[in-house]
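Structure assessment
Okay, here's what each chain looks like letter by letter:
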Amino acid sequence: MADKRHTEKWIEEVLDSSRGMSRAQPEAGLYERVQGRLAQPAARPGMLGGRRWVAAAALLLAVNTASVVFYAERSRAVAENKAGNPFAAALQTTTYNY
Amino acid sequence: MFNTAISIVQDAGAAEDISQEVFITVFKSILSFNERSTMSTWIYRITVNKCLDHLRAGRRQKRWGFTGSLFHADTGEEAHGKQAFEHPGIQAERREQAKYLFEAIESLADTQKTVFVLAHIEELPQKDIAEIMNLSLKAVESLLQRAKANLRKKLADIYAER
């Protein structure tokens, strides 16, 4: 019972601890920093920042390289297929004769 | 606005950043201020919204921070644990108790935290708080009651752990 009274008393003291507090003030120079930010020119919308440019260029390069490799492989496979299968051309011609 | 910000986010650096953002927003939006509310209510509303944005961003960062170390490499101390907050405006003889108060406030849900700070730290009337937070007076009363009940529970736990 005494414990509970002590707890309640302590809680009341803690809840009351903000009484008489003064308003916190920011560090000196805040207003100057705000003025500095307002004086900066606004970034144009749609402009990519430095890192985003690099990322976009890297992605474009990767897609381009993958396409070149893919088509080169495909051309090679087609060429090999024609060379290894002498009937390929004949089959094709046969088809067209219909 | 700095006092409101520091009381809600409990970080002097973040409160300064928020104050800067509020200044800039007010400066840029002053022409669109429609005088449906008072200027102070409008500024409080901007401040509260930026504080809540900051709190949400902090929680998002913690959620995705699983690749980082939990401890500082050099000291071994917990990297993301929050230090006890000391509000610069508290009277010297009440600093120790105020630390527990702000620890308990930190544990509240965002809206309860905001309402409690506006009512007890900023000492605003509930009618003004309702306008700032775009809530009904009844909603503010209910939030304040719940905030106090939760604070008492949290403080009882803190007292038991001491």
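Here the structure is a predicted model, which means the values were calculated and not measured.

1. Some thoughts on the confidence of the model for chain A
Within chain A, residue pLDDT values average 76, and 72% of them lie at 70 or more. When mean pLDDT is taken per element in chain A, helix α1 (residues 2–15) of chain A scores highest with 90 and helix α4 (residues 87–96) of chain A scores lowest with 51.

2. Describing the environment of B:Met39
Considering the arrangement of structural elements, one finds B:Met39 in helix α3 (residues 39–63). The sequence separation of B:Met39 and B:Lys153 amounts to 114 residues, and the corresponding C-alpha distance is 37 Å.

3. Some remarks on the environment of A:Ala77
Here A:Ala77 shows up in helix α3 (residues 50–84). With 10 C-beta atoms counted inside 10 Å, the residue A:Ala77 sits in the exposed group.

4. Focus: the interface of chain A and chain B
Counting residues at the interface gives 21 residues for chain A, matched by 26 residues for chain B. Examining the composition of the side of chain A that touches chain B, we find that six residues originate from one element, α1(A), more than from any other. Looking at the side of chain A that touches chain B residue by residue, the classes come out as 10 nonpolar, six polar and five charged.

5. Considering helix α5 (residues 110–121) of chain B
Residue and element names in this part refer to chain B. The end-to-end C-alpha distance of α5 is 15 Å, a good match for the 16 Å that 12 residues give at a rise of 1.5 Å each. Of all 12 residues that make up α5, 10 are buried, and the element is covered over most of its length. Buried within α5 are the following residues: Gln112, Lys113, Thr114, Val115, Phe116, Val117, Leu118, Ala119, His120 and Ile121. Among the residues trailing α5, Glu123 stands out with phi positive, at a value near 55 degrees.

6. Quick notes on the domain arrangement of chain B
All names here are of chain B. As far as domains go, chain B holds domain 1 (1–68) and domain 2 (91–162). A separation of 18 Å is found between the C-alpha centroids of domain 1 and domain 2. With six residues, the top contributor of residues to the side of domain 1 that touches domain 2 is α3. Per-class residue counts for the side of domain 1 that touches domain 2 are five nonpolar, five polar and one charged.

Criteria and cut-off values
Residues numbered from 1 in each chain as written. Chains lettered and ligands numbered in written order. Predicted model: local features only at pLDDT ≥ 70, side-chain atom pairs only at ≥ 80, totals over all residues. pLDDT = per-residue confidence, 0-100. Helix = DSSP H or I, 4+ residues; strand = E, 2+ residues; numbered from the N terminus. Buried ≥ 20, exposed ≤ 12 C-beta atoms within 10 Å, placed from the backbone. Contact = placed C-beta atoms within 7 Å. Nonpolar A, V, L, I, M, F, W, Y, C, P; charged D, E, K, R; others polar. Expected span 1.5 Å × (residues − 1). Domains from an automatic or database assignment.

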